[in-house]
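# Structural characterization, general
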Amino acid sequence: MNAEELAREKLAEQRLQQEHQHESMTRRANQEIHQSSQGNTDEEARELLVEQRRHEEHQHETMNARAVK
């Protein structure tokens with residue numbers, strides 16, 4: 001093999017490594033985004049449940065107060 005062929009092979013290997021690194025970084029970023037959005041969804045669901053419970057408690061208290069009158 002001559003120097004030109006070796007240089008081409010070296011460049012091809014470097015490109016493949018760069019593509020692999022890029023794909024890995026993209027995959028990790030997508031996983032982090034998914035995990036983050038899942039965490040946000042879980043937090044929003046918890047907040048909605050708390051709000052729903054408070055509303056139900058308020059309705060119950062209002063009904064009791066009316067029944068007492």
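Structure: see above.
To start, this report covers the structure provided alongside it. Only a predicted model underlies this, so the values are computations on that prediction, with no experimental measurement involved. (Residues numbered from 1 in each chain as written. Predicted model: local features only at pLDDT ≥ 70, side-chain atom pairs only at ≥ 80, totals over all residues. Heavy atoms only, no water.)

## Examining the overall build of the chain
The cut-off we apply is this: Put simply, DSSP H or I for four residues or longer makes a helix, DSSP E for two residues or longer makes a strand, and each gets a number counted from the N terminus. Throughout, the radius of gyration refers to the C-alpha atoms, and the reference size of a globule is 2.2 Å times the residue count to the power 0.38. We call a residue buried when its accessible area falls under 20% of the maximum for its residue type, exposed when it is over 50%, and partly exposed in between, using a 1.4 Å probe and counting protein chains only. All accessibility values rest on the Shrake-Rupley procedure with a 1.4 Å probe; residue burial counts only the protein chains present in the view.
The helix and strand inventory of the chain stands at one helix and zero strands. For a compact globule of 69 residues, the expected C-alpha radius of gyration is about 11 Å, and the chain comes in at 30 Å, more than 25% above that figure. With the C-alpha coordinates of the chain rotated into their principal frame, the extents come out at 100 × 5 × 5 Å. When the 69 residues of the chain are sorted by exposure, 1% land in the buried category. Carbon and sulfur atoms make up 51% of the accessible area of the chain, which amounts to about 6,900 Å² in all.

## What to know about the pattern of salt bridges
This is how it is decided: Take a side-chain nitrogen of Lys or Arg and a carboxyl oxygen of Asp or Glu: if they are within 4 Å of each other, that pair is a salt bridge.
Applying the stated rule across the entire model yields two salt bridges. With a closest N to O distance of 2.3 Å, Glu4 and Arg8 form a salt bridge. Note that Glu4 and Arg8 are positioned in helix α1 (residues 3-68) at a spacing of four residues, about one turn of the helix. Across the pair, exposure class does not vary: Glu4 and Arg8 are exposed alike. Where Glu43 meets Arg46, a salt bridge forms, and the shortest distance between an N and an O atom there is 3.2 Å. Residue Glu43 and its partner Arg46 are located together in helix α1, separated by three residues, close to a single helical turn. When its relative accessible area of 48% is taken as the criterion, Arg46 is described as partly exposed.

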